[in-house]
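An overview of the molecular structure
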Amino acid sequence: MTEKLDIENWNRKEHFFFFKDFEEPFFGVTFNVDITGAYRYCKQESISLFIYYLYASLKTANNIPEFKYRIKDNEVLVYDRVSASSTIDREDGTFGFSYINYEEDFVSFRKNAQSEIDRVRSTRELIPSESGDSVIHFSAIPWVQFTSLSHARSFRFKDSVPKISFGRIFEKENKKWMPVSVHVHHALMDGYHVGRFVRQFQQELN
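Now for a quick tour of the structure. Computed from a predicted model, the values in this text were never measured in an experiment.

Cut-offs and rules
Residues numbered from 1 in each chain as written. Predicted model: local features only at pLDDT ≥ 70, side-chain atom pairs only at ≥ 80, totals over all residues. Heavy atoms only, no water. Helix = DSSP H or I, 4+ residues; strand = E, 2+ residues; numbered from the N terminus. Rg over C-alpha atoms; globule rule 2.2 N^0.38 Å. Buried < 20%, exposed > 50% of the residue type's maximum accessible area, 1.4 Å probe, protein only. Axes fitted to C-alpha atoms, helices over the stretch in contact; angles between N-to-C directions. Parallel < 35°, antiparallel > 145°, perpendicular 65-115°, else oblique. Left-handed = near helix turned anticlockwise from the far one by under 90°. Contact = heavy atoms within 4.5 Å. Nonpolar A, V, L, I, M, F, W, Y, C, P; charged D, E, K, R; others polar. Salt bridge = Lys/Arg side-chain N within 4 Å of Asp/Glu carboxyl O.

Counting secondary structure elements, the protein chain contains five helices and 10 strands. Radius of gyration (C-alpha) of the protein chain: 17 Å, near the 17 Å computed for a compact globule of 206 residues. Dimensions of the protein chain along its principal axes, counting C-alpha atoms only, are 50 × 40 × 30 Å. Residues counted as buried form 47% of the 206 residues belonging to the protein chain.

Here it is, written out as structure tokens:
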């Protein structure tokens, strides 16, 4: 379900029109999250840590309206919820794109996510059967403790979908940390909204 945002009465109207036609309208930030508690919990309960933090990040994004805004034909559509289109690694070193529907109930989300991961790993397909703008683009790079990140993009295609990436977990001061990168369209949100995501994501992981 979607509805159109009333741009004329939006407090970011001028920001929207200023940034929407930039050749590169995305900006990104990289930060570390304390994943100690989530890591311990997942080990104890035999839960995939990837599925756990993917769920936590989706739950966070769905609680921040701006992460559900998308640009379509110079209008802003507001989705009632967004799901995940995430890269899934394969044993041969390649990956495939997945579509994982967001469920508020973690047990249901975990079951659906694992089923989709198994499906992607059993094929050589790259593109998921379902996608669109009602997603967030996720990727995991568990081999790299990155401190910055950029994305491959085709500027011929209009894109306003947020992109969130997770890096290699590392230890510091007896805690486990994970680098996270968030790239968003500046016509739809600012650093303030990304800051909200950072704080709420950490709370979910706690």
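Another point: the packing of helix 3 (residues 49-62) against helix 5 (residues 191-205). Interhelical geometry of helix 3 versus helix 5 gives an angle of 135 degrees and a closest axis separation of 9 Å. In this view, helix 3 runs oblique relative to helix 5, as classed from their interaxial angle. Remark: the crossing between helix 3 and helix 5 carries right-handed chirality. Residues Tyr52, Tyr53, Ala56, Ser57, Lys59, Thr60 and Ala61 of helix 3 touch helix 5, and the partners they reach there are Phe197, Gln200, Phe201, Glu204 and Leu205. Of the residues that constitute the contact of helix 3 with helix 5, the class distribution is seven nonpolar, three polar and two charged.

Throughout the structure, instances matching the rule amount to 13 salt bridges. We note a salt bridge from glutamate 116 to arginine 119, for which the minimum N-O separation is 2.9 Å. With glutamate 116 and arginine 119 both in helix 4 (residues 106-121) and three residues apart, this pair spans about one turn of that helix. The exposure class assigned to glutamate 116 is buried, which follows from its relative accessible area of 11%. Among the salt bridges present, the one from lysine 163 reaches aspartate 159, with a minimum N-O distance of 2.7 Å. Classification of lysine 163 by relative accessible area gives buried; the value is 6%.

Moving on, we come to unusual backbone geometry. A positive phi angle, near 55 degrees, is found at serine 46, a position not held by glycine. Checked against the element boundaries, serine 46 lands in the loop between helix 2 (36-45) and helix 3. When its relative accessible area of 60% is taken as the criterion, serine 46 is described as exposed. Unusually for a residue other than glycine, asparagine 174 sits at a positive phi of about 65 degrees. Tracing the backbone through its elements, the reader meets asparagine 174 in the loop between strand 9 (170-172) and strand 10 (175-185). When its relative accessible area of 80% is taken as the criterion, asparagine 174 is described as exposed.

On their own, these measurements won't tell you what the molecule is for.
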